[in-house]
Every structure is written in C-alpha cells, then in structure tokens.
Amino acid sequence: MTRYVVIGNGVAGVTAAQAIAQSQPGADLHVYAAEPYPYYRRPQLPDYIAGLVTEDDITYRPPQWYAERGIQVHLNCPVVELDAAAYRLRLADGTDVPYDRLLLAMGGVAWMPPVEGVDRRGVFTLRTLDDARTIRAWARESRQAVVVGGGLLGLETARALRALGLEVTVLEVAPYLMPRQLDREGAAVLEILIHRMGIRTETGVVTEAVLGDSAVRAVRLKDGREFPADLVVFSAGIRPEVTLARQAGLVVNRGVVVDKYLQTSAPDIYAAGDVAEANGIVYGIVPAAIEQARVAAANLVSPGSAVYRGTIPTTTLKVVGAELTSIGECVMEADDLVQLRRADPQQGRYRKLAMRDGRIVGAILLNEREHTSAIRQLLERGTDVSAYTDLLLEENPDWKRLLA
Amino acid sequence: MKWECMVCGYVYDPEKGDPSRGIPPGTPFEELPDDWTCPDCGATKDMFEKVS
C-alpha cells in the first residue's frame, strides 16, 4: 500500500491530508506536526492574545477529527532529516519514517531581523500558538509595547496589545503603513483609524537597537529617538521554512521550488502552501495554500493528474476592524494610469480607482463594503466608464446606471 | 443556519448576507455561488462548517 506522508499541520497540510483521505479511503496516511497542537486557526492568534477567543476556540480540531478521517496525526514530532534517495525521514527522537509520496507543507517562520539586542527577554515574533501564549503572558506584566513592522500582522498584533491596555507604538520602515496593500493616501486614512484606537505610529523609521539589560527597556531608532518598551514584537515578515529541503538537496530559492504539478526537484516529493515557490512566487496567502494543497494531493495520489495555474489573490482582509479590498493593479503608479480618489478620513473610508483607457483596472477600497461588488463587476466587464468619473467619486453612486 | 470558516473563524450569517460580494441578506449558505470565498481570509466555500 502506498504510504503518504505530509509534513506540516497548517492550512496546506491539513487540507491536503483531507483531500487524500477523501479520494483514497483507508490509505496509509500520516501527518507530522512540529507543534504539539492539532490544527489551529493561525489568523486568530492576535484575537487570542487580546483575550477575545480562547485556546479551545482556535484549536477546535481534536485528534479524533483526524482519526475519523483515517489520518494518523503525529503531534510534537519535528522532522529533522530528509533522505530523498532512500525515501526516508528522520524524526527528532531518532525514529526513521519511510514514505512513498511526501508533501512538504511546513509553512513559514517569522523572520527576526539582525537588530542589536533582539536576544533580550521580552522580545518576540508571532507565528505559532506558543508564541502567542508567551506574548500574552508577558503582556500581563507589561505597560508599554513596541511593534516593529506596520504590515497586516504587525497592526493586528498592535491592536491586540492595545486591547490588553498597553501603550502601543508601531514602527514601520516604509513611508506609510501596509505598503503591500495600500497607497499613501489610503494608508493615511487607515492611520487615523489606528490612532483612534490609541495606537501610535511612526513611519519611515529604521529600528536600530533593542536596549536594556537582560530584559528589554526601550527601542532605539537610527535617528536617535528612543521608545520605552517592556515588550517588543518584531513583525518583519514570514520566510518559508526551507531548512529540511535545503539539507536534503532539493532546489530552493526563496521557497522550495516546484513545477506546475507542485513537484519539487526530487521525485515523489511535492510542496504546497507558505513553504512552496510556484512560478517564482511564494504566495503566503490562505487561498493559495488551499488551492496548492488540493493540486498537490491529487498528484500525490495520481502523479501528473492536476496542474496548478496560480492563484489570483483574493485580497479582502480585515485589519484593525476595517475592511480592506485590493483588486487588480491597485498599488501600481504606472504613468498611463489615471487615479481617482475619494477619501473620507472622518468615516475611515477610502476609495481609489485606477483607470486605463477609460476602464477600471484596479481599486483600493477601505470600508467601502457596499460598493465593492459593483466596482469588481465594472472591472471584470471592462466597462468604459470614462464619461462617469464624477459619478464614480460620489459617496453613494447609482451603480445601476453603470451596470445596466 | 450559520456557517464558520475553518481557517479564520469568520461566521457567515444568512440574515446579513455578504454585501461586499453583492450577496443580499436572507441568502442561505447553500445558495452562495461556488466561487464565493471567505470575506476575511479568502478560503473557499468548502472550508466552511455548520455551527449551531
């Protein structure tokens, strides 16, 4: 019987295991998880830190869930070695595990930038439930926090710490917040929402050192300013966890390089999710992890049966309670694009439409929930809206006129 | 009947629908289009489970 082994117990690993179990009932199917917990909802870790959800709420998939589906899950079992020629894994306790088909779905690790003093106590990154537990416990004894990184996770972490009553400052190296999803004008509106929560922000600043004795006392910027802190979270991005793949001699670039079948450079080894680099892209988003997991699972069962064609980013996300949607060419500032903007900082709303040849090719929408659907349709249809630019910037456009 | 996203915990409430995708209030989860995705994290429809 074919022995399927999945390394990783996040969205990609669990989705793939479930797909294999569905198509091959009774298969010899194993999931190896480095962490001691069954599947949990990683996007909810900031809510867990804030005390809005409990550990039970996010780790709600007990080991029986796996058993009922014929998946043998091995928690707290880091894989430390991969021998691709011998089709064998070695676990941290020295056990050898053979496989016929292997899926690498170990995800990513939080990147800690090489800043002086990050080894002091009270300095953290946030990726795992253990990280979240440690931060939550430390936050109980803290008054002032600094979050280094003003991307999605950094802002969500800041919101959580603020909810616990800490004074929070966010430091972002880019000239404005969420530079991957927003433009400068949109970020200015978001910043107002964040300031209203009582969170301070500093953009265009370089974090130079973490000061203190054994524990952190302050963060110093390159411009010399110091921010007192007894808790610091670095939120500087996620890197694919490629240690095992690299050691095994697989082709690794930023992530583990895969072909259109999501196969790595080694036979019978596939990769999916945050660890994988497909078409030169490490997607790092939930929809891509799900799609890749399904394609990889199909190919594990029946090689060559499914092709991955890339994922169009679904980029609606919640940040600090605001709903942010980015569609198409939204951050690009190409010369041939006409930009229409409507900002309502008081209401925390922002609408930017990027147009080319009279057609909408991109949009950034902050708290514009009721208009998102119409704008998406205009973009998808390629409707010529050049005669309606005034209408597009009204507070409540009569979309029916344009969509009729 | 409400449905919950396994990935991020978003709850689809048919009484509210999903205005950002043009889904009117009163739409049962079963009648959402197949390509509908979680408004918070982008997970596909089959990543949702019923909640009581």
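Every residue gets a number counted from 1 within its own chain, in the order that chain's sequence is written. Chain A is the first chain written and ligand 1 is the first ligand written, with later ones labelled in order. The predicted nature of this model means local features are confined to residues of pLDDT at least 70 and side-chain atom pairs, given and counted, to a pLDDT of 80 or more, with totals for whole chains, interfaces and linings taken over all residues. Each side-chain value is worked out from all heavy atoms of the structure, with water and hydrogens disregarded.

Trainee: Explain the overall build of chain B to me, please; I cannot follow it from the model alone.
Mentor: Numbering of helices and strands runs from the N terminus; a helix is a DSSP stretch of H or I covering at least four residues, while a strand is a stretch of E covering at least two. For chain B, the helix and strand inventory stands at zero helices and three strands. If you list the helices and strands of chain B from N to C, you get β-β-β. Computation of the radius of gyration draws on C-alpha atoms, with the globule rule given as 2.2 Å multiplied by the number of residues to the power 0.38. Relative to the compact-globule value of 10 Å for 52 residues, chain B shows a C-alpha radius of gyration of 10 Å, a close match. With the principal axes as the frame, chain B shows a C-alpha extent of 25 × 25 × 15 Å.

Trainee: So what exactly am I meant to see when it comes to the side chain of Glu202(A) here?
Mentor: All names here are of chain A. Turning to its location among the elements, Glu 202 is positioned in strand S12 (residues 199–203). Definition of a polar contact: a pair of N or O atoms within 3.5 Å, with one able to donate and the other able to accept a hydrogen when the atoms are protein atoms, and with sequence-neighbouring residues admitted only if both atoms are side-chain atoms. Within the structure, Glu 202 has its side chain in polar contact with the side chain of Arg 225 (distance 3.1 Å). In this description, contact between two residues means that some pair of their heavy atoms is separated by no more than 4.5 Å. Residues contacting Glu 202, with those up to four places away along its chain left out, are Thr 169, Val 170, Leu 171, Glu 172, Arg 225 and Phe 227.

Trainee: Is there a simple way to explain the sheet that holds strand S5 (residues 88–91) of chain A in this structure?
Mentor: As a general point, the strands of a sheet are linked pairwise by backbone hydrogen bonds and lie either parallel or antiparallel. Residues and elements named next belong to chain A. Pairing is antiparallel across the open sheet formed by three strands, whose spatial order is S4-S5-S6. Unpaired on one side and paired on the other, strand S4 (79–83) and strand S6 (96–98) mark the two borders of the sheet. Recorded for the sheet is a direction-independent mean angle of 25° between the axes of neighbouring strands. Pairing between two strands is assigned when DSSP locates at least 2 bridges connecting them. Where S5 and S6 come together, three bridges link them in antiparallel fashion. Counted as the bridge partner of Arg 88 is Pro 98 from S6. In this description, a line fitted to the C-alpha atoms serves as the axis of each element, helices being fitted only across the stretch in contact, and the angle between N-to-C directions of two axes falls anywhere from 0 to 180 degrees.

Trainee: How should the packing of aromatic side chains be read in this particular structure?
Mentor: For any pair of aromatic rings, the description consists of the separation of the ring centres together with the inter-plane angle of the planes. When two rings of Phe, Tyr or Trp (its six-membered ring) have centres within 6.5 Å they constitute a pair, described as stacked for plane angles under 30 degrees, edge-to-face for angles over 60, and tilted for the intermediate range. According to the stated counting rule, one finds 12 aromatic pairs over all chains in the structure shown. Between the aromatic rings of Tyr37(A) and Tyr40(A), the centroid separation amounts to 6.2 Å while the plane-to-plane angle is 85°, which identifies the pairing as edge-to-face. Classification of residues uses two cut-offs on accessible area relative to the type maximum, computed with a 1.4 Å probe and protein chains only: under 20% is buried, over 50% is exposed, and between them is partly exposed. Classification of Tyr40(A) by relative accessible area gives buried; the value is 7%. Summarising the aromatic geometry, the rings of Tyr283(A) and Tyr308(A) are spaced 6.1 Å apart at their centres and angled 85° between planes, so their arrangement reads as edge-to-face. Residue Tyr283(A) is found in the loop between strand S20 (276–278) and helix H9 (286–301), and its partner Tyr308(A) is found in the loop between H9 and strand S21 (315–319); the two are separated by 25 residues along the sequence. By way of ring pairs, the aromatic residues Trp3(B), Tyr10(B), Tyr12(B), Phe29(B), Trp36(B) and Phe48(B) are connected into one cluster. Think of it as a cone above the ring: NZ of Lys or CZ of Arg counts as a charge over the ring if it is within 6 Å of the ring centre and within 35 degrees of the ring normal. Looking at Lys45(B), its charged tip hangs above the ring of Phe29(B), at a distance of 5.5 Å from the centre.

Trainee: Explain the domain arrangement of chain A here, please?
Mentor: By a widespread convention, an interface's size corresponds to the accessible area lost as its parts come together. Residues and elements named next belong to chain A. For chain A, the assigned domains read domain 1 (3–109 + 238–301), domain 2 (123–234) and domain 3 (321–403). Centre-to-centre separation of domain 2 and domain 3, based on C-alpha positions: 31 Å. Contacts between the two partners involve 13 residues from domain 2 and, on the opposite side, 16 residues from domain 3. Where domain 2 abuts domain 3, roughly 1,100 Å² becomes buried across the two surfaces, and 66% of that area is made up of carbon and sulfur atoms. Salt bridges are defined by distance alone: a side-chain nitrogen of Lys or Arg within 4 Å of a carboxyl oxygen of Asp or Glu. Between the two partners, domain 2 and domain 3, sit three salt bridges. Arg 341 is the partner of Asp 183 in a salt bridge, and the nearest nitrogen-oxygen pair spans 3.4 Å. Taken together, the links from domain 2 to domain 3 amount to five residue pairs in polar contact (both at pLDDT 80 or more). Here the term charged refers only to Asp, Glu, Lys and Arg, the term nonpolar to Ala, Val, Leu, Ile, Met, Phe, Trp, Tyr, Cys and Pro, and the term polar to all other amino acids, Gly among them. Residues belonging to the side of domain 2 that touches domain 3 are distributed by class as follows: seven nonpolar, two polar and four charged. The split of the chain into domains comes from an automatic or database domain assignment. Buried area is calculated as the accessible area (1.4 Å probe) missing from two parts once they are joined, with the contributions of both summed.

Trainee: Please explain unusual backbone geometry as it appears in this structure.
Mentor: Glycine aside, the phi torsion of most residues is negative, and most peptide linkages are trans. All names here are of chain A. The phi torsion at Leu 262 lies on the positive side, around 65°, for a residue other than glycine. Mapped onto the elements, Leu 262 comes out in the loop between strand S18 (256–258) and strand S19 (269–271). A positive phi angle, near 55°, is found at Asn 367, a position not held by glycine. Along the polypeptide, Asn 367 turns up in the loop between strand S25 (359–366) and helix H10 (369–381).

Trainee: I would appreciate a short explanation of the pairing of strand S14 (residues 216–221) of chain A in the present structure.
Mentor: Within a regular strand, the side chains alternate between the two sheet faces. All names here are of chain A. Here strand S13 (residues 207–212) runs beside S14; their pairing, made up of five bridges, is antiparallel. Counted as the bridge partner of Thr 207 is Leu 221 from S14. Taken together, S13 and the strand that follows it, S14, pair antiparallel across an intervening segment of three residues. Across three bridges, S14 lies against strand S15 (residues 226–228) in antiparallel orientation. Of the residues in S15, the one forming a bridge with Ala 218 is Pro 228. The turn linking S14 back onto S15 is made up of four residues, and Gly 224 within it adopts a positive phi angle of 95°.

Trainee: Even after reading the chapter, I still don't get the nonpolar core, so can you show me in this structure?
Mentor: The nonpolar side chains of a soluble globular protein tend to be buried, and buried together. Ranked by internal contacts, the top residues of the largest apolar core, which has 75 residues, are Leu104(A) and Val7(B). A total of nine residues in this core trace back to one element, the largest contributor, which is H9(A). By nonpolar core we mean a set of buried residues, namely Ala, Val, Leu, Ile, Met, Phe, Trp, Tyr and Cys, connected to one another through side-chain atoms within 4.5 Å.

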